Amino acid sequence: GKNAFILGIETSCDDTACAIVTKSGHVVSEAIKSQVSIHENWGGVVPTLAKEAHQNAIDDVVEECLRKAGVTDIGKQVSAVAVTVGPGLSMCLRVGVRKAQKISGEYGIPIVPVHHMEAHCLVARVKEEEWNANSEEEEEEENGGVAKFPFVALLVSGGHNVLLKVEGVGRYTILGQTLDDAIGEAYDKTARLLGLPVGGGGGPALEKLAKEYEEIVLEPRREQCRKETEQEAHITDEVFEKIVRKKVKNPIRFTVPLRKRKTCDFSFAGLKTNVRLAIEKHLGAVVDESIPEQKVLPSENWDGIENRETRAAIAHAFQTAAVTHLEDRVSRALEWVESDGVSPTCLVVAGGVASNQKIRKKLLQIGANHSIDVVFPKPSWCTDNGVMVAWAGIERLNLALGVEKPVPRNSEAFAKD
Ligand code: KG4
Ligand code: ZN
């Protein structure tokens, strides 16, 4: 009904984003302006350029969002403005906050400050079905969509790499985080070392190259092994894969990070070094990390078929170690939480890296092993967006207004059954 809309604004990094969400978590409209093309050539986000781009885009993005939602009178139709206040680039955050203050002052509606990571985490509770004005009665239904508390969240992107226990709004425990690079950053750096296109992130190109290795090298050998092991019905998938690997000449393999450390922390810097050493050893290429633009000085015949296969082998080795590392940490996180007497309802996986098919498949398996659902918010809500900010604002408002009661620690609701 009236005053049911919340406007969300996100400007913490390189996306200027806005969304309007209803109090029960239906998305009414979204608008976003990405800065990928601006930062592409710099090997990272340049704060001053990002700030300028946000300033140029913010009015249009908010305007577009209001128009799509059919909002003609902000003061009457929008009940609060949620805005990301951190963490992020302070120059960029300020652009969003100023815009929120302007709207707030002009129309007399409150501002809800939002924590960027909390927003990433809670967006898994937003309903994905289309909203239409006629479904207004549904507005009274229970708050929260897909993911119910308590859950475990894995946030993996170019800037974030964290495992959280989420017991309610504002009730987060960091189970583990990266000691150096985030996984997306490692994908990007590795992609650059392998001479892959990295505009908008090198992850997809690297995933594709690793898949090429699967198809060209591993699959034919699997075929062969299937025939040879036909009689041995007892062979597990793991053992089978080992036999397949033995058939590959000079396999490239990287050690899985932090195997001996029984924590939920992550590390990807060592893996990146392994990639560099493998490139130097197997491809004879010179890697000069002091040159950000062109880190690899390709050897002769860099693109030749044989070298292409070696590069694919390196991409595959990187992805295998990185994904196994994620699996190790997520399994342990679930064990920790369960042994704490908390039964998570699901595992939420968000962030740009969550679109990786290999990672999805492996995490779905882990979820199945623990008999819990794995929730992947849709890709456009995994990366930075306005919906997550608007929704986090609603969850915070509900908490403050007592709509959502904070559940005390170790209450029966959380006890293991
Ligand atoms: O969440 P996001 O859009 O931006 C932030 O970093 O906040 O995530 C972008 C990151 C990049 O590092 C990109 O390479 C990575 O997500 N990424 C992937 C894939 N798609 C995007 N990494 C691995 N596999 C993918 N398919
Ligand atoms: Zn983010």
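As the structure is a computational prediction, the values presented were derived from the model and not from experiment. (Residues numbered from 1 in each chain as written. Chains lettered and ligands numbered in written order. Predicted model: local features only at pLDDT ≥ 70, side-chain atom pairs only at ≥ 80, totals over all residues.)

Trainee: What is the right way to look at the domain arrangement of the protein in this model?
Mentor: How big an interface is tends to be expressed through the accessible area that disappears when the partners come together. Considered domain by domain, the protein is made up of domain 1 (5–146 + 378–414) and domain 2 (176–375). Taken together, the contacts link 12 residues of domain 1 with 12 residues of domain 2. Taken together, the residues of the side of domain 1 that touches domain 2 break down into seven nonpolar, four polar and one charged. (Domains from an automatic or database assignment. Contact = placed C-beta atoms within 7 Å. Nonpolar A, V, L, I, M, F, W, Y, C, P; charged D, E, K, R; others polar.)

Trainee: When you look at the packing of helix α10 (residues 305–339) against helix α11 (residues 357–369) in this model, what are you seeing that I'm missing?
Mentor: Two packed helices can be described by the angle between their axes and the distance between those axes. At their nearest, the axes of α10 and α11 sit 10 Å apart, and the two run at 30° to each other. By the angle class used here, α10 and α11 are roughly parallel. Seen along the crossing, α10 lies across α11 with a hand that is right-handed. Here α10 contributes Gln319, Val323, Leu326, Glu327, Val330 and Ser331 to the contact with α11, which in turn contributes Lys358, Ile359, Lys362, Leu363 and Ile366. (Axes fitted to C-alpha atoms, helices over the stretch in contact; angles between N-to-C directions. Helix = DSSP H or I, 4+ residues; strand = E, 2+ residues; numbered from the N terminus. Parallel < 35°, antiparallel > 145°, perpendicular 65-115°, else oblique. Left-handed = near helix turned anticlockwise from the far one by under 90°.)

Trainee: Where do I start with the pairing of strand β1 (residues 5–10) in this structure?
Mentor: Note on strand geometry: in a regular strand, side chains alternate between the two faces of the sheet. With respect to burial, β1 is a largely interior element, six of its six residues being buried. The alternating pattern of β1 places Phe5, Leu7 and Ile9 and Ile6, Gly8 and Glu10 on opposite faces, both of which are buried. For β1 and strand β2 (residues 15–22), the ladder comprises six bridges, and the chain directions are antiparallel. Each bridged residue has a counterpart across the sheet, and for Ile6 the counterpart in β2 is Val21. (Buried ≥ 20, exposed ≤ 12 C-beta atoms within 10 Å, placed from the backbone. Pairing = 2+ DSSP bridges.)

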